[in-house]
Amino acid sequence: MKKLILFVFAFFCFTLIAKSQEDQSAEVGIFEHLDETLPLDLKFINDNNQVVTLKQLINKPTILSFVYFDCPGMCSPLLDGVGTVISKTDLKLGTDYQVITISFNFRDTPEKAKEKKDRLIEKYSKGNGDAWMFLTTDSATIFKITDAAGFKTKAVGLDFVHPSAILAISPTGKITRYLYGINYLPIDFKMAIIEANKGQSRPTIQKIMDICYSYDPENKRFTLDILKISATIIIFILLILIAILYIKRRINKK
């Protein structure tokens, strides 16, 4: 009887988890590709209307962000978050590291990129705007770079549902860390750059947020996902129950 209960309970739990993962699946989110190298031969157009490759640009620790310039939601706060932490860190932009922002909207132009860049560097760049680069490109290249970075978006009309994170990239183009959200602690930002310079990857504890939160495209914000939380709690209870039954069986045998 106990085995039957456990079987039914386990089946229910794994069904919930499978549904949770399927719901998340895969339309929008961050899927970490730590230690993988970005395709450095991809071509972009910078804010000076010049064709460049990532291989030409990435020669020092790099903070990489994905946005689109007409975003009504998280993109502008994310860029302001990057700018704020640039202004607060004691590392020198352009010497110790650089920042690359790539638009994942093929409709964005170098002119839009320059407009966005000028606003941000005037406020945040510490006088080194050349070290914060804004790039645009075609849809095929966008897919390749976002897929390589594990950055998954979904088009909704002329807008996008998308996650919010920045990536630390080593001088050889290797992904070494993800920092989630739109605000970043100077110590986390600094450590991510130092680790990237050494080529050392480090998973972030903030990834656990994915277990509890889902993005609400209608309200353009993250909300608690009751299904995911319930499934996690049930699995935890199941493991405790299995441990208790195992211990009781051992005691009865003795």
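Above this note sits the structure.
What the rule picks out here adds up to 8 salt bridges. Among the salt bridges present, the one from D70 reaches K112, with a minimum N-O distance of 2.5 Å. Note that D70 is positioned in the loop between β4 (62-67) and α3 (75-88) and K112 in helix α4 (residues 110-124), a separation of 42 residues in sequence.

Moving on: the pairing of strand β6 (residues 132-136). For β6, the buried fraction is high: 5 of the 5 residues fall into the buried class. Of the two faces of β6, the one holding W132, F134 and T136 and the one holding M133 and L135 are both buried throughout. As paired elements, strand β2 (residues 43-46) and β6 share 2 bridges and run antiparallel to each other. What sits directly across from I45, in β6, is T136. Of the strand pairs in this sheet, strand β5 (residues 98-103) and β6 are connected by 4 bridges, and their pairing is parallel. Looking at the pairing, V99 lines up with W132 of β6.

This part takes up α4. Taking 1.5 Å of rise per residue, the 15 residues of α4 would be expected to cover 21 Å, and the 20 Å separating its terminal C-alpha atoms lies within 8% of that figure. Those residues of α4 that sit buried are P110, A113, K116, K117, L120 and Y124. Residues of α4 that are buried sit in contact with β2, α3 and β6.

The strand order across the open sheet formed by 7 strands is β3-β2-β6-β5-β4-β10-β11, and the pairing between neighbours is mixed. Whereas interior strands pair on both sides, the edge strands pair on one side only; in this sheet they are β3 (51-53) and β11 (175-180). Shown here is a sheet whose adjacent strand axes are inclined to one another by a mean of 35 degrees, direction ignored. Here α4 sits on the sheet and contacts β2 and β6; the angle it forms with β6, its principal contact strand, is near 160 degrees. Where helix α6 (residues 186-198) meets the sheet, it contacts β4, β10 (165-169) and β11, and its direction lies at approximately 170 degrees from that of β11.

Following both chains from N to C, one finds α3 and α4 inclined at 30 degrees, their axes separated by 9 Å at the closest point. Judged on the interaxial angle alone, α4 and α3 are roughly parallel. The element α3 and its partner α4 pack so that their crossing is right-handed. Judged by residue contacts, S76, L79, D80, G83, T84, I86 and S87 of α3 engage K116, R119, L120 and Y124 from α4. Residues of the contact of α3 with α4, tallied by class, amount to 4 nonpolar, 4 polar and 3 charged.

Within the structure shown, the criterion is met by 9 aromatic pairs. Geometrically, the ring pair formed by Y178 and Y180 is stacked, given 6.4 Å between the ring centres and 25 degrees between the ring planes. Lying across the ring of F31, K152 places its NZ or CZ 5.8 Å from the centre.

Reading guide: rules and limits
- Residues numbered from 1 in each chain as written.
- Predicted model: local features only at pLDDT ≥ 70, side-chain atom pairs only at ≥ 80, totals over all residues.
- Heavy atoms only, no water.
- Salt bridge = Lys/Arg side-chain N within 4 Å of Asp/Glu carboxyl O.
- Helix = DSSP H or I, 4+ residues; strand = E, 2+ residues; numbered from the N terminus.
- Buried < 20%, exposed > 50% of the residue type's maximum accessible area, 1.4 Å probe, protein only.
- Pairing = 2+ DSSP bridges.
- Expected span 1.5 Å × (residues − 1).
- Contact = heavy atoms within 4.5 Å.
- Axes fitted to C-alpha atoms, helices over the stretch in contact; angles between N-to-C directions.
- Parallel < 35°, antiparallel > 145°, perpendicular 65-115°, else oblique.
- Left-handed = near helix turned anticlockwise from the far one by under 90°.
- Nonpolar A, V, L, I, M, F, W, Y, C, P; charged D, E, K, R; others polar.
- Phe/Tyr/Trp six-rings, centres within 6.5 Å; stacked < 30°, edge-to-face > 60°.
- Lys NZ or Arg CZ within 6 Å of the ring centre and 35° of its normal.

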